[in-house]
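A look at the structure
So the chains spell out like this:
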Amino acid sequence: MLSPAILIPAIINGLLIGAIYALVALGLTLIYGVLHIINFAHGALLSAALFAAFFAFRLLGLDPYVAVFLLAPAFFALGYALQRFLIGPASHGDDRNMLLVTLGIAIIIENALLYAFRADTRTIDVPYAFQTIDFGFTFLAVPRVVGFCAVFAVALALWVIMTFTDTGRAIRAVAKEKLGAQLAGIDVAHVYAVTFGLGTACVAIAACLLIPTYYVNPRVGDAFVLVAFTIVVLGGMGSVPGALVGALLIGVAESLSGLFLGESLGQIGIFLIFIVVLLVRPSGLFGARA
Amino acid sequence: MAEPLLAVNDVTCRFGGLLAVNAASLAAQAGQITALIGPNGAGKTTLFSIISGFVRASQGSVYFAGQEVTGEPPHRLARRGIARTFQIVQPFVGLSVRENILVGAHLHHRKRDAALAAADQVGHDIGLGEMLDRPADALTVVGRKRLELARALATEPKLLLLDEVLAGLNPSEIRDIVPVIRDFCRRGITILMIEHVMQAVMSLAEHVFVLAEGRIIAQGSPAKVVADPLVVEAYLGRGAAAKLGAQHGS
Amino acid sequence: MRSLFPIAAVLAVLAVVPFVVHSNVTLNFLVVALMIALAGQGWNILGGYGGQYSFGHAAFFGTGAYVTAILQVRYGVNAWFGFAAGIAAAAALGGVLGALVFRSGLRGSYFALVTLAFAEVLRIIASVTPVTGAGVGILIQLDLGIRTLQFQSRAAFYWIILALVGVSLVIARLIERSRFGAWLMAVRENEDAARALGVDASTVKTVAMTISAAITAAAGCFYAQYFLFVDSGIAYGTWISVEALLTPIIGGVGTVFGPLLGALVVKTLGEGAKLLAGDAPGLDLIIYGAVLVLIIWIIPRGLIGGLANARKLLMRRTGPATSIGEARHG
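Just so it is clear, the structure is predicted and the values come from calculations on it, not from any experiment.

**Digging into the overall build of chain C**
Secondary structure assignment for chain C yields 14 helices and two strands. What you see for chain C is a C-alpha radius of gyration of 20 Å, in line with the 20 Å of a compact globule of 330 residues. Principal axes of the C-alpha set define a box for chain C whose edges measure 60 × 50 × 40 Å. Here chain C, with 330 residues, has 58% of them falling under the buried criterion. In chain C, once contacts between residues fewer than 6 apart in sequence are set aside, the share between residues at least 24 apart is 78%. With the model as given, the accessible surface of chain C reaches about 12,500 Å², and the carbon-plus-sulfur share is 70%.

**Considerations on the sheet that holds strand 4 (residues 59-64) of chain B**
Residues and elements named next belong to chain B. The antiparallel open sheet is built from four strands, whose spatial order is 2-1-4-5. A strand with exactly one partner marks an edge of an open sheet, and here the two such strands are strand 2 (18-28) and strand 5 (67-68). Summarising the sheet, strand 1 (residues 6-15) and strand 4 pair through five bridges and their orientation is antiparallel. Bridged to Leu 6 within strand 4 is Phe 64. Helix 1 (residues 44-51) rests against strand 1 and strand 2 of the sheet, and its axis sits at about 115 degrees to strand 1.

**So, the nonpolar core**
Core analysis: the biggest nonpolar cluster contains 213 residues, and Phe 40 and Phe 229 of chain A together with Phe 55, Leu 113 and Tyr 158 of chain C have the highest contact counts within it. For this core, the leading source of residues is helix 8 (residues 188-210) of chain A, giving 16 residues. Non-local contacts of Leu 113 of chain C, meaning those with residues more than four positions away in its chain, are made with Ile 38, Phe 40, Phe 229, Val 233, Met 237, Phe 274 and Leu 278 of chain A. Core analysis: the next-biggest nonpolar cluster, separate from the first, contains 51 residues, Leu 147, Ala 150, Val 165 and Val 210 of chain B among them.

**Observations concerning the interface of chain B and chain C**
If you look at the interface, chain B gives 30 residues, while chain C gives 26 residues. In this assembly, chain B packs against chain C so that about 2,700 Å² is buried in total across both faces, 58% of it on carbon and sulfur atoms. The tally of links from chain B across to chain C stands at zero salt bridges. Elements that contribute at least two residues to the side of chain B that touches chain C include exactly helix 2 (74-80), helix 3 (97-105), helix 4 (112-126) and helix 5 (141-154) of chain B. When the residues that make up the side of chain B that touches chain C are grouped by side-chain class, the tally is twelve nonpolar, eight polar and ten charged.

**As for the interface of chain C and chain A**
Listed as interface residues are 40 residues of chain C and, on the opposing side, 38 residues of chain A. The contact between chain C and chain A buries some 3,600 Å² in all, and 81% of this surface belongs to carbon and sulfur atoms. Where chain C touches chain A, the interface holds zero salt bridges. Taken together, the elements giving at least two residues each to the side of chain C that touches chain A come down to helix 4 (79-103), helix 5 (108-128), helix 11 (238-251) and helix 13 (283-298) of chain C. At 14 residues, helix 5 of chain C tops the list of elements feeding residues into the side of chain C that touches chain A. Taken together, the residues that form the side of chain C that touches chain A break down as 31 nonpolar, seven polar and two charged.

**Describing the pairing of strand 4 of chain B**
All names here are of chain B. Sheet topology places strand 4 next to strand 5; two bridges connect them, and they run antiparallel. From the neighbouring strand, Tyr 63 faces strand 5, where its bridge partner is Glu 68. As consecutive antiparallel partners, strand 4 and strand 5 are separated by two residues, and within that stretch Ala 65 has a phi angle of approximately 50 degrees, a positive value.

**As for the sheet that holds strand 10 (residues 215-220) of chain B**
All names here are of chain B. The strand order across the open sheet built from six strands is 6-7-8-3-9-10, with neighbouring strands paired in mixed fashion. One side of each edge strand has no neighbouring strand; the edge strands of this open sheet are strand 6 (82-84) and strand 10. Each neighbouring strand pair of the sheet contributes to a mean axis angle of 20 degrees, computed without reference to strand direction. The pairing of strand 3 (residues 33-37) with strand 8 (residues 190-194) spans four bridges and is classified as parallel. Each residue of the ladder has a partner; that of Ala 35, found in strand 8, is Met 193.

**Some details on the pairing of strand 8 of chain B**
Residues and elements named next belong to chain B. In terms of burial, strand 8 is largely enclosed, as five of its five residues are buried. Where strand 7 (residues 159-163) lies against strand 8, five bridges are found, and the strand directions are parallel. Along strand 8, the bridge assignment pairs Leu 160 with Ile 191. Once you follow strand 7 into helix 6 (residues 171-186) and on to strand 8, the crossover reads as right-handed.

**Remarks on helix 7 (residues 179-189) of chain C**
Residue and element names in this part refer to chain C. Taken across its eleven residues, helix 7 has ten buried, putting it largely inside the fold. Here helix 7 has its buried residues at Arg 179, Phe 180, Gly 181, Ala 182, Trp 183, Leu 184, Met 185, Ala 186, Val 187 and Arg 188. Looking at where helix 7 begins, the residue whose side-chain oxygen comes 3.3 Å from the main-chain nitrogen of Phe 180 is Ser 178.

**Considerations on the pattern of salt bridges**
Pairs can form between side chains of opposite charge whenever their charged atoms are close. A full pass over the atoms with the stated rule returns 18 salt bridges over all chains. Across the pair Arg 84 of chain A and Asp 187 of chain A runs a salt bridge whose closest N-O atoms are separated by 3.8 Å. Of this pair, Arg 84 of chain A sits in helix 3 (residues 64-91) while Asp 187 of chain A sits in the loop between helix 7 (178-183) and helix 8, and the two are 103 residues apart along the sequence. A salt bridge links Glu 191 of chain C to Lys 205 of chain C; its shortest N-O distance comes to 2.9 Å. Residue Glu 191 of chain C is located in helix 8 (residues 191-196), and its partner Lys 205 of chain C is located in helix 9 (residues 201-227); the two are separated by 14 residues in the primary sequence. One exposure class covers both Glu 191 of chain C and Lys 205 of chain C, and it is buried. Members of the salt-bridge network, linked through shared partners, are Asp 125, Asp 183, Arg 186 and Arg 187 of chain B.

**With respect to unusual backbone geometry**
Backbone geometry follows two general trends: most residues other than glycine have a negative phi, and most peptide bonds adopt the trans configuration. Even without being glycine, Glu 213 of chain B reaches a positive phi, approximately 50 degrees. Inspection of the secondary structure assignment puts Glu 213 of chain B in the loop between strand 9 (207-212) and strand 10. Located in the positive-phi region is Ala 134 of chain C, a residue other than glycine, with phi close to 45 degrees.

**Points about the environment of Arg 84 of chain B**
Position of Arg 84 of chain B among the secondary structure elements: in strand 6. Along the chain, Arg 84 of chain B and Arg 98 of chain B lie 14 residues apart, while their C-alpha atoms are 19 Å from each other. Not counting chain neighbours up to four residues away, the residues in contact with Arg 84 of chain B comprise Thr 45, Phe 48, Ser 49, Ser 52, Phe 54, Leu 160, Leu 161 and Asp 163 of chain B together with Ala 196 of chain C. At 3.5 Å, the side chain of Arg 84 of chain B and the side chain of Ser 49 of chain B are in polar contact. Among the polar contacts listed, one links the side chain of Arg 84 of chain B to the side chain of Ser 52 of chain B, at a separation of 3.2 Å.

**Some words on the environment of Thr 238 of chain C**
All names here are of chain C. Examined against the element boundaries, Thr 238 turns out to sit in helix 11. Looking at Thr 238, the relative accessible area reads 37%, which means it is partly exposed. For the pair Thr 238 and Arg 123, spaced 115 residues apart in sequence, the C-alpha to C-alpha distance is 9.6 Å.

**A short note on the state of the cysteines**
Residues and elements named next belong to chain A. Enumeration according to the criterion identifies zero disulfides over all chains in this entry. We note that Cys 202 lacks a disulfide partner, and the nearest cysteine sulfur, in Cys 208, lies 12 Å from it. Residue class for Cys 202 comes out buried when judged on its relative accessible area of 3%.

What counts and what doesn't
Residues numbered from 1 in each chain as written. Chains lettered and ligands numbered in written order. Predicted model: local features only at pLDDT ≥ 70, side-chain atom pairs only at ≥ 80, totals over all residues. Heavy atoms only, no water. Helix = DSSP H or I, 4+ residues; strand = E, 2+ residues; numbered from the N terminus. Rg over C-alpha atoms; globule rule 2.2 N^0.38 Å. Buried < 20%, exposed > 50% of the residue type's maximum accessible area, 1.4 Å probe, protein only. Contact = heavy atoms within 4.5 Å. Areas by Shrake-Rupley, 256 points an atom, 1.4 Å probe, with all protein chains shown as cover. Pairing = 2+ DSSP bridges. Axes fitted to C-alpha atoms, helices over the stretch in contact; angles between N-to-C directions. Core = buried A, V, L, I, M, F, W, Y, C linked by side-chain atoms within 4.5 Å. Buried area = accessible area lost by both parts, 1.4 Å probe. Salt bridge = Lys/Arg side-chain N within 4 Å of Asp/Glu carboxyl O. Nonpolar A, V, L, I, M, F, W, Y, C, P; charged D, E, K, R; others polar. Right-handed = clockwise from strand over helix to strand, strands pointing away. Polar contact = N/O pair within 3.5 Å; in protein donor to acceptor, adjacent residues only side chain to side chain. Disulfide = S-S within 2.5 Å.

Below, the structure is given as structure tokens:
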């Protein structure tokens, strides 16, 4: 069990899966860092994005790696609208209310998917789904490698946006000091909505990267997002490097515990890490005090 | 000099790399009004938070009524008789004025009827008698300050920590609240107040400590402290000492 | 005692229902609604009065259901004792969890997350361990009789759940008028200000969680007796976590009758949805989600809270006239 020939691919696969987790976690941590709320609708949005990618393939014949260029902006717009016209107004600025509103939206989206498409699991067939690349010491699945590279590209793009654009600067200002930003003339509602949109776009990209090898049903997003919550808490709420590092760690942990403990117990491992981190060090590895 | 009711000894507090409070020592004599002044960001509220148990000091000790209370949580300090108000008023918004004060009264009155009676008494004493049934968020700024005082008073404290209770009030509102504070003293409550409003400090306080950049730089009677050049420098108010001196004299 | 009169009146009216309504379908609907109201009242103690929003109350519902089922099926324990044991087990769980979580200082979103994760962990464990029947679940043998707490007539079950709901209403009322309740509500409004006034916030919240767990567990124990089948999805599924929080929020957080009213509204909406659009899965939950968002948007204090607001607005016009003994109505 412990021979390098088995361990190393398990670790590398863990890293690759971790990258996708990272993308989902990034959206979550971005939203938390700026709006200071935990977006309970994140999972449902991931499920919705997976369905969108599925139908883009089935109905429009779009390969997921192409569909992403359509779905990312579409989901950005969806996220923007959700925050600007629904979550923001409905919560009246109260954190507890925001929790409930995002929960309500999650329930609506997930069950709308259930109602419209039933609970059957769907998959798509793309030619490269099971192709592998030979890296010399091991073979790695094509979709996973593409996913890994794509996530770093997205993280880089986000960094560029945050550092060099006006919008990015406004977002950072609001994250640091909302009242001050308001006084400086920044439209906070707009910034919140843009941030939510970016978080949702991350989820859409993650869906397109996942769908070649993963399955689609209304509950899938939930499972993914609980892992993303764990990552965000582990890495530190609101910390982008935390989300990336945390995701890679969790991906490896999941891969290794799947190796040693089997499928369902591996899941518990993640939750237990989650609960322990929350109890012992809620600020996570990189985060500021909550 | 009798043993002070409150003694803060060499308290230091670090936030990350920042020294918010640096070996600060002060004392409040029983039955007196003591003031803690200093420029913004000096660390006054941090010191209050340490005394009232909300923040842990990295070093140093706090003694109350002769016993060490360093590091005890706020609710236990409240039971000992230390009450505090907050710089930004924190009323229980969803409850009525009476219910707000009731929470304080319950500290020493277990049964609801007795606590309600005590709360009503305090409410009337503070001047909120007419507003007792109204929701707390219907109060004006002055009303909320009174409520903050009423709640603290209901806990029957021996020491009351007032954190800039006069901030944001206009001169006539200040004139209304100052007698309330003096009345506390008459009831035998010791007061330690953070204040920026100098006229109040001069007219209320018997002893003043000055905190600048986390350090106590001066202490003494208001007149003496205000004339101290170190203090003047800390506030960067050239000529302020002379101005206040002239006002106080007239 | 005078303050318990409204509760007695409501219970009296509801108690008469089985004499008037004979349709099993309607009685079944009411039994389920009352069961959800009970679960919701549990959530209400911690969330409504205490302001701590749990997203995983299924943890307590399911523990009550499983403990009572397991004790009866695997250990031949008497159903009444099993019921009590289920409540006690969940209360202990609530106390331990509360002590852990609140002493760590977890609040708000973090608290919601922990409770969610905790319920999910329990669900996964229950779905694989043999003692809970793993994937298959536990079936309680049909054996009518008082000793086994199983009855032929729905009316009997109706009165039992009504009695339990009644007890929960009384508990809520007693809390409202006690020192513990004043402290709990202070913690909800502003925890730091409460602490400065002598409130031991962590302990108060933990006690609230224990009581909350016990009440919601009673609903779970009842479920096991009524439906005679429990599995991990039923016991620890998100459906009950959602319904337990939905009913007080809609009916009125932090009020005695909120969960009861909310349960009746929510269940009626659910039935209405089924009538209109057939039995497609998910439709009733879509409506629940939409109602949740709408209530938070328009009447955040729930139906009863909204009524209280309207009443206060009217009272202000005609002048206040309350006595010392009545700090707050409703």
